[in-house]
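A look at the structure
What follows is each chain in one-letter form.
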Amino acid sequence: MYRIGQGIDFHKLVEGREFWLGGILIPHTKGALGHSDADVLLHAICDAMLGAISLGDIGMHFPDTDNAYKGIDSKVLLKKCSELIQSKGYKIVNIDSTILLQAPKIRKYVDEMRLVIADLLLVSPFDVSIKATTTEHLSFIGREEGIVATANILLQKMHTT
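**Some details on helix α4 (residues 107-121)**
In this model, α4 (15 residues) spans 22 Å end to end at C-alpha, consistent with the 21 Å of a helix rising 1.5 Å per residue. Three or more residues of α4 are buried, namely Y109, V110, M113, I117, A118, L120 and L121. Lining the buried residues of α4 we find β2 (19-21), β3 (24-26), α1 (40-52), α3 (74-87), β5 (90-100) and β6 (128-133). Note on α4: the residue one or two positions beyond its end, L122, has a positive phi of about 60°.

The structure is reproduced here in structure tokens:
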């Protein structure tokens, strides 16, 4: 049995914050504002995983009203979501994601992001796709006021004997 999940996350970009994306720190003049490290890509993947097996969303499991998650590394959240889907008998087949941002250009960081995510989720980097696009200076993304990430995931029920 297969299950498909879709996730999306938005964060405001502000000066004075570190810019975490795909589990790595990227040099930039702005960073995403959020209760955690605000890694939109990892949050979108978490939501895709949780949604695929009807377990709600990242805010339900790790609410921004809980100080236990204040400033938390999103890699920890991703790992916990992975453990949740495994506990329900599912494994990841593949992930396809898109990041929407005007700057910085992230092409040179994509392979490292894929490796970090694959390592955390115990899959091959081949199973993790990360694409990026600008909005050609349109909207809050084009004005460099925010960032968005989307993720789709395919899960497969693990066979038990």
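**Section: the packing of α1 against α3**
Direction vectors running N to C along α1 and α3 enclose 15°, while the axes themselves pass 9 Å from each other. The angle between α1 and α3 places the two elements in the roughly parallel class. In the crossing of α1 with α3, the sense of the turn from one axis to the other is left-handed. In this structure, α1 uses L42, H43, I45, C46, M49 and L50 to contact α3, whose residues at the interface are S74, K75, L77, L78, C81, S82, L84 and I85.

**Side note on the packing of aromatic side chains**
With the rule as written, the count across this model stands at two aromatic pairs. Both rings, one in F62 and one in Y69, keep their centres 5.3 Å apart while their planes meet at 80°; by these two values the pair is edge-to-face. Exposure class is identical for F62 and Y69. Each is buried.

**Points about the sheet that holds β5**
Reading across the sheet, the five strands line up as β4-β1-β7-β5-β6 and stay open at both edges, with mixed pairing between neighbours. Of all the strands in the sheet, the pair left with one neighbour each is β4 (30-33) and β6. Sheet twist, expressed as the average angle between the axes of neighbouring strands with direction ignored, equals 25°. Sheet topology note: the strand β1 (residues 2-15)/strand β7 (residues 146-157) ladder contains 11 bridges and is antiparallel.

**As for the side chain of S74**
Looking at where S74 falls in the secondary structure, it is placed in helix α3. Judged by relative accessible area, S74 falls into the buried class, the value being 0%. A distance of 2.4 Å separates polar atoms of two side chains, one belonging to S74 and the other to D37. The contacts of S74, once residues within four sequence positions are left out, are S36, D37, A38, D39, L42 and H43.

**Some points on the environment of K88**
When you line up the elements, K88 lands in the loop between α3 and β5. On the basis of relative accessibility, which here comes to 44%, the residue K88 falls in the partly exposed class. As a C-alpha pair, K88 and M113 span 25 residues in sequence and 26 Å in three-dimensional space. When residues no more than four places from it in sequence are discounted, the contact partners of K88 are I53, L55 and K157.

What counts, and where the lines are drawn
- Residues numbered from 1 in each chain as written.
- Predicted model: local features only at pLDDT ≥ 70, side-chain atom pairs only at ≥ 80, totals over all residues.
- Heavy atoms only, no water.
- Helix = DSSP H or I, 4+ residues; strand = E, 2+ residues; numbered from the N terminus.
- Expected span 1.5 Å × (residues − 1).
- Buried < 20%, exposed > 50% of the residue type's maximum accessible area, 1.4 Å probe, protein only.
- Contact = heavy atoms within 4.5 Å.
- Axes fitted to C-alpha atoms, helices over the stretch in contact; angles between N-to-C directions.
- Parallel < 35°, antiparallel > 145°, perpendicular 65-115°, else oblique.
- Left-handed = near helix turned anticlockwise from the far one by under 90°.
- Phe/Tyr/Trp six-rings, centres within 6.5 Å; stacked < 30°, edge-to-face > 60°.
- Pairing = 2+ DSSP bridges.
- Polar contact = N/O pair within 3.5 Å; in protein donor to acceptor, adjacent residues only side chain to side chain.

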